[in-house]
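Remarks on the overall topology
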Amino acid sequence: MRFTTIILVSEVLPVTFVYNDFLITRLTQSCSSDILFCVADAQATEGEREVWNQVNAVLQDSESILTGLQAYKGAGQEIRDAIQNPNDMTLQERAWNSVCPLVIKLKKFYSFSLRLEEALRSLLTSLTCPPLTPTQHLEREQALAKQFAEILHFTLRFDELKMRIPAIQNDFSYYRRTISRNRINNMNLDIENEVNNEMANRMSLFYAEATPMLKTLSTATTNFVSENKTLPLENTTDCLSTMASVCKVMLETPEYSSRFNSEDTLLFCMRVMVGVIILYDHVHPNGAFNKSSKIDMKGCIKVLKDQPADTVEGLLNALKFTTKHLNDESTPKNIRTMLQ
């Protein structure tokens, strides 16, 4: 029996899943073999090594980025005191000195999004290039497929955290107002060398998004497709839809989901599923919600809504607010209703 091996699930799940011919037929029309869903630590082959090293260097920093975001406290009180007492220079300095290190931290997060964008583009190039089909790529380049999933996992985690921290935009808005009005005199303005006006404009657009990392990856995927006009669109969309379908089957089938050892593994699968749906929706002309979509959106949404509401609220919001085609006339009403 020949197996197609797809590495999607993180190493926290020490279980092997085997899918039969019927299930793989549902997942992709380009392959009729079984799928072995494996979580062993995939080793990069010689052909994958260069891209794997590049992406790995980015992923190694992802946990510290999340830790930094999770620890973000903001300077709300200091800013309020400064605004309420505009002539008190002590309070102005205190607010400024509180905000500046936070802005440096926000720049670090933004800069990481640019690195993540480059990593995603490298993976897309490797996993979609002819003459191999998307399924063949996922089979042969297991280490890269796993990295793709890990990027999406990080992205959803980052955006879920960011949505709960309104202080980020408040702090950055105060920084921009203060710089533009030159209200801080005789203070250390070295930060302007770190976050000048051009950088501040780009960061402002980034943090204005409800899900900035997803927006970054969606734009990157869209640009990848538009810049590679000789590459069949299906090479990209089939890769994304296959990953979404595999995750859905993993989650909705008790035989498999019951083997998950932790909630982290469950969330990993859900985040990867939602991530590839959003990317698919941005690059496919008809989107993910259309009846012609290769993604079973009704099934995917049901899988999410079967979980505790507080666990999936951020994922459902991502589908509502980060997708492109949800409100198209071609989107079935029952799909829109499920996401209301």
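Residues numbered from 1 in each chain as written. Predicted model: local features only at pLDDT ≥ 70, side-chain atom pairs only at ≥ 80, totals over all residues. Heavy atoms only, no water.

With respect to the confidence of the model for the protein
Segments scoring low in pLDDT should not have their predicted coordinates read at a detailed level. Of all residues in the protein, 85% attain a pLDDT of 70 or more, and the chain-wide mean is 85. Long-range and interchain partners of residues 1–40, a stretch whose pLDDT sits below 50, account for 109 contacts in this model, where long-range means more than four residues apart. (pLDDT = per-residue confidence, 0-100. Contact = heavy atoms within 4.5 Å.)

Observations concerning the packing of aromatic side chains
One pass over the full model with this rule turns up seven aromatic pairs. Plain terms: the ring middles of Phe-112 and Phe-154 are 5.2 Å apart, the flat faces sit at 70° to each other, and that makes the pair edge-to-face. Within this pair, whereas Phe-112 is found in helix H5 (residues 89–128), its partner Phe-154 is found in helix H7 (residues 142–162), the two being separated by 42 residues in sequence. In this pair, the class of Phe-112 matches that of Phe-154, namely buried. Aromatic side chains Phe-154 and Phe-158 sit 6.0 Å apart centroid to centroid with 45° between the ring planes, which places their arrangement in the tilted category. With Phe-154 and Phe-158 both in helix H7, this residue pair falls four residues apart, about one helical turn. Note on accessibility: Phe-154 and Phe-158 belong to one class, buried. Aromatic ring contacts, followed pair by pair, group Phe-109, Phe-112, Phe-154 and Phe-158 into a single cluster. The lysine or arginine in question, Arg-49, covers the ring of Trp-52, its NZ or CZ lying 5.7 Å from the ring centre. (Phe/Tyr/Trp six-rings, centres within 6.5 Å; stacked < 30°, edge-to-face > 60°. Helix = DSSP H or I, 4+ residues; strand = E, 2+ residues; numbered from the N terminus. Buried < 20%, exposed > 50% of the residue type's maximum accessible area, 1.4 Å probe, protein only. Lys NZ or Arg CZ within 6 Å of the ring centre and 35° of its normal.)

Re the pattern of salt bridges
Under the criterion given, the structure shown has 10 salt bridges. The partner of Asp-296 in a salt bridge is Lys-248, and the shortest N-O contact between them spans 3.5 Å. One end of the pair, Asp-296, is in the loop between helix H14 (263–283) and helix H15 (297–305); the other, Lys-248, is in helix H12 (residues 233–252), and 48 residues separate them in sequence. The partner of Lys-302 in a salt bridge is Asp-306, and the shortest N-O contact between them spans 3.0 Å. By relative accessible area, which is 46% here, Lys-302 ends up partly exposed. Through salt bridges with shared partners, one network takes in Lys-248, Glu-252 and Asp-296. (Salt bridge = Lys/Arg side-chain N within 4 Å of Asp/Glu carboxyl O.)

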